[in-house]
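Here is how the chains run, residue by residue.
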Amino acid sequence: MTVLTIEQLEDHVADGKTVAGLDLGTKTIGIAISDRGFSFANPRPVLRRSKFTHDAQDLLKALSADNVGAIVIGLPVNMDGSEGPRVQATRAFVRNMEKLTDLPFVYWDERLSTVAAERALIGMDVSRQKRADRIDSAAAAFILQGALDRLQSLRQDTDTDGSSFP
């Protein structure tokens, strides 16, 4: 497994594969999956966390079912740009996953993703109880959509100047 930049991602994902977005929480893992054209992020049911071994098995099974070729994982950087304990926990999770999978990971700044996801769910008039059940997957979709939008931007840059990604 490799940690890639967003600019390297598309070259490492085989044709026909999708990209997963993860929002790693202490109690759940929010999951979203892209379409094969890398345009849209679709939320999936959250995984309830227990022990790492179980979490990893459940996650890899879910990712395999969706034909995932790479993972974008939210990096919970503090608002001032510093890295706290949640960033360390996310990086440790990725280090532990590298022993179990060859899927590449991309870290994606997730600042305000949960806030944006909650606002979107409120805007759709989702009840407080249902929001609690869906917030992590909605945040994962928000994280993944940000990365997919960046990929689209990189594609457009390539199309306009004829060169490859920077």
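Residues numbered from 1 in each chain as written. Predicted model: local features only at pLDDT ≥ 70, side-chain atom pairs only at ≥ 80, totals over all residues. Heavy atoms only, no water.

- Under the annotation held in an unreviewed UniProt entry, the protein carries the name Putative pre-16S rRNA nuclease and is attributed to Phyllobacterium brassicacearum.
- Database annotation for the protein, UniProt heading Sequence similarities (unreviewed entry): "Belongs to the YqgF HJR family."
- Entered under Function (unreviewed entry) in the UniProt record, the comment concerning the protein runs "Could be a nuclease involved in processing of the 5'-end of pre-16S rRNA." (UniProt positions renumbered as here; feature names shortened; annotations may be inferred.)

1. Regarding the packing of aromatic side chains
1) Next: Tallied over the entire structure, the rule returns one aromatic pair.
2) Next: Ring geometry for Phe 52 and Phe 93: centres 5.7 Å apart, planes at 80 degrees, overall edge-to-face. In this pair, Phe 52 is assigned in helix α2 (residues 52-65) and Phe 93 in helix α3 (residues 85-97), connecting sequence segments 41 residues apart.
3) Next: By relative accessible area, Phe 93 is classed as buried at 3%.
4) Next: Over the aromatic face of Tyr 107 sits the side chain of Arg 91, whose NZ or CZ is 4.8 Å from the ring centroid. (Phe/Tyr/Trp six-rings, centres within 6.5 Å; stacked < 30°, edge-to-face > 60°. Helix = DSSP H or I, 4+ residues; strand = E, 2+ residues; numbered from the N terminus. Buried < 20%, exposed > 50% of the residue type's maximum accessible area, 1.4 Å probe, protein only. Lys NZ or Arg CZ within 6 Å of the ring centre and 35° of its normal.)

2. Some remarks on unusual backbone geometry
1) Next: In the Ramachandran plot, Phe 38 falls in the positive-phi region, its phi being about 60 degrees despite a non-glycine side chain.
2) Next: Structurally, Phe 38 is set in the loop between β3 (28-34) and β4 (41-48).
3) Next: Despite not being glycine, Asn 67 shows a phi value in the positive range, around 55 degrees.
4) Next: Of note, Asn 67 is situated in the loop between α2 and β5 (68-75).

3. A word on the sheet that holds strand β1 (residues 3-4)
1) Next: Taken together, the six strands give an open sheet; going across it, the order is β1-β6-β5-β2-β3-β4, and neighbouring strands pair in mixed fashion. The open sheet has two edge strands, β1 and β4, and neither has a second partner.
2) Next: Pairing geometry for β3 and β4, over six bridges, is antiparallel. What sits directly across from Ser 34, in β4, is Ala 41.
3) Next: Relative to β5, α3 is tilted by about 160 degrees, and along the sheet it contacts β1, β2 (18-24), β3, β5 and β6 (105-109). (Pairing = 2+ DSSP bridges. Contact = heavy atoms within 4.5 Å. Axes fitted to C-alpha atoms, helices over the stretch in contact; angles between N-to-C directions.)

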